[in-house]
Amino acid sequence: NAGVMQNPRHLVRRRGQEARLRCSPMKGHSHVYWYRQLPEEGLKFMVYLQKENIIDESGMPKERFSAEFPKEGPSILRIQQVVRGDSAAYFCASSPTGGLDSEQYFGPGTRLTVT
Amino acid sequence: SQKIEQNSEALNIQEGKTATLTCNYTNYSPAYLQWYRQDPGRGPVFLLLIRENEKEKRKERLKVTFDTTLKQSLFHITASQPADSATYLCAPPVTNSNYQLIWGAGTKLIIKP
């Protein structure tokens, strides 16, 4: 019973390149959250998706960032034309229901470094 | 605006003692609050959820309290062990959102043998 998987674990990109972060939720979970974390700071909500739908993307910058959760396959967080300020740890979490009163299961994160 | 405050200084506790961590919230009244543990380089792991009508909740050596008058939640670890060393995060929901939690920066707990 695998947990939430994220890949790659570490990603280095030069300024201007694209970064693609993947998240496979736990089996049976159809709700996915993406978070960003800077050192010594709390998690910042970015986007909440259900299968094939973006439910809440209010925490995600409108430019350069996009997310999807297709019917088949992992959820993808895509950052176009990366800048140094995008360097951070990106976590995804899944839950069996969408309610905030149920626990979220987190992946190990992808650490993005922009050089 | 809604704010969550956790003690930013690391908490050093002797093994076997009780560790108490604080989560204060301002400018709103969440209906519940979650606590997570995060180890370096890893994602958070859920520990406990407490609702506003629950004064206290326990799970093994863990105990969480929720004081809506003081706008504070306390997280206790009794009989602490070095393996309890980690950063502990509190996360209540954002008001008027069904999908967003607001996360504290966490308190780093160090249990000394």
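Above this text you will find the structure in question.
Source: prediction; values computed, not measured.

Draft legend 1. Local environment of the sheet that holds strand β5 (residues 45–51) of chain B. Residue and element names in this part refer to chain B. Ordered in space as β2-β10-β9-β4-β5, the five strands form an open sheet in which the pairing is mixed. In this open sheet, the two edge strands, each paired with only one partner strand, are β2 (11–14) and β5. Adjacent strand axes in the sheet meet at a mean angle of 25 degrees when their direction is disregarded. Here strand β4 (residues 32–38) pairs with β5 via six bridges, running antiparallel. Pairing of Y36 across the sheet is with F46, part of β5.

Draft legend 2. The arrangement of the environment of S24 of chain A in detail. Residues and elements named next belong to chain A. Within the secondary structure layout, S24 lies in strand β3 (residues 19–24). Assessed through its relative accessible area of 25%, S24 is described here as partly exposed. In contact with S24, other than residues within four places in its own chain, are G3, V4, M5 and P74.

Draft legend 3. Looking closely at the environment of W35 of chain B. Along the chain, W35 of chain B turns up in strand β4. Sequence separation of W35 of chain B and V45 of chain B is ten residues, and the distance between their C-alpha atoms is 8.6 Å.

Draft legend 4. How the structure looks around the sheet that holds strand β1 (residues 5–7) of chain A. All names here are of chain A. Reading across the sheet, the four strands line up as β1-β3-β8-β7 and stay open at both edges, with antiparallel pairing between neighbours. Only two strands of the sheet have a single partner each, and these edge strands are β1 and β7 (65–68). With strand direction ignored, the average angle separating the axes of adjacent strands in the sheet is 15 degrees. In this structure, β7 lies alongside strand β8 (residues 75–79), joined through four bridges in antiparallel fashion. Looking at the pairing, F65 lines up with I79 of β8.

Draft legend 5. Here's a closer look at the state of the cysteines. Taken as a whole, this structure holds two disulfides over all chains when the rule is applied. At a sulfur-sulfur separation of 1.9 Å, the disulfide partner of C23 of chain A is C92 of chain A. Across the S-S bond of C23 of chain A and C92 of chain A the torsion is about 75 degrees, and the bridge reads as right-handed. Residue C23 of chain A is located in strand β3, and its partner C92 of chain A is located in strand β9 (residues 88–95); the two are separated by 69 residues in the primary sequence. Exposure remark for C23 of chain A: the relative accessible area of 0% places this residue in the buried category. Under the relative-accessibility criterion, C92 of chain A is labelled buried at 0%. Put simply, C23 of chain B and C90 of chain B are joined by a disulfide, and their sulfur atoms are 2.0 Å apart. Residues C23 of chain B and C90 of chain B are joined by a disulfide whose S-S torsion is about 65 degrees; by sign, that bridge is right-handed. Taken as a pair, C23 of chain B in strand β3 (residues 19–26) and C90 of chain B in strand β9 (residues 86–91) lie far apart in primary sequence, 67 residues in all. Across the pair, exposure class does not vary: C23 of chain B and C90 of chain B are buried alike.

Calculation notes
Residues numbered from 1 in each chain as written. Chains lettered and ligands numbered in written order. Predicted model: local features only at pLDDT ≥ 70, side-chain atom pairs only at ≥ 80, totals over all residues. Heavy atoms only, no water. Pairing = 2+ DSSP bridges. Helix = DSSP H or I, 4+ residues; strand = E, 2+ residues; numbered from the N terminus. Axes fitted to C-alpha atoms, helices over the stretch in contact; angles between N-to-C directions. Buried < 20%, exposed > 50% of the residue type's maximum accessible area, 1.4 Å probe, protein only. Contact = heavy atoms within 4.5 Å. Disulfide = S-S within 2.5 Å.

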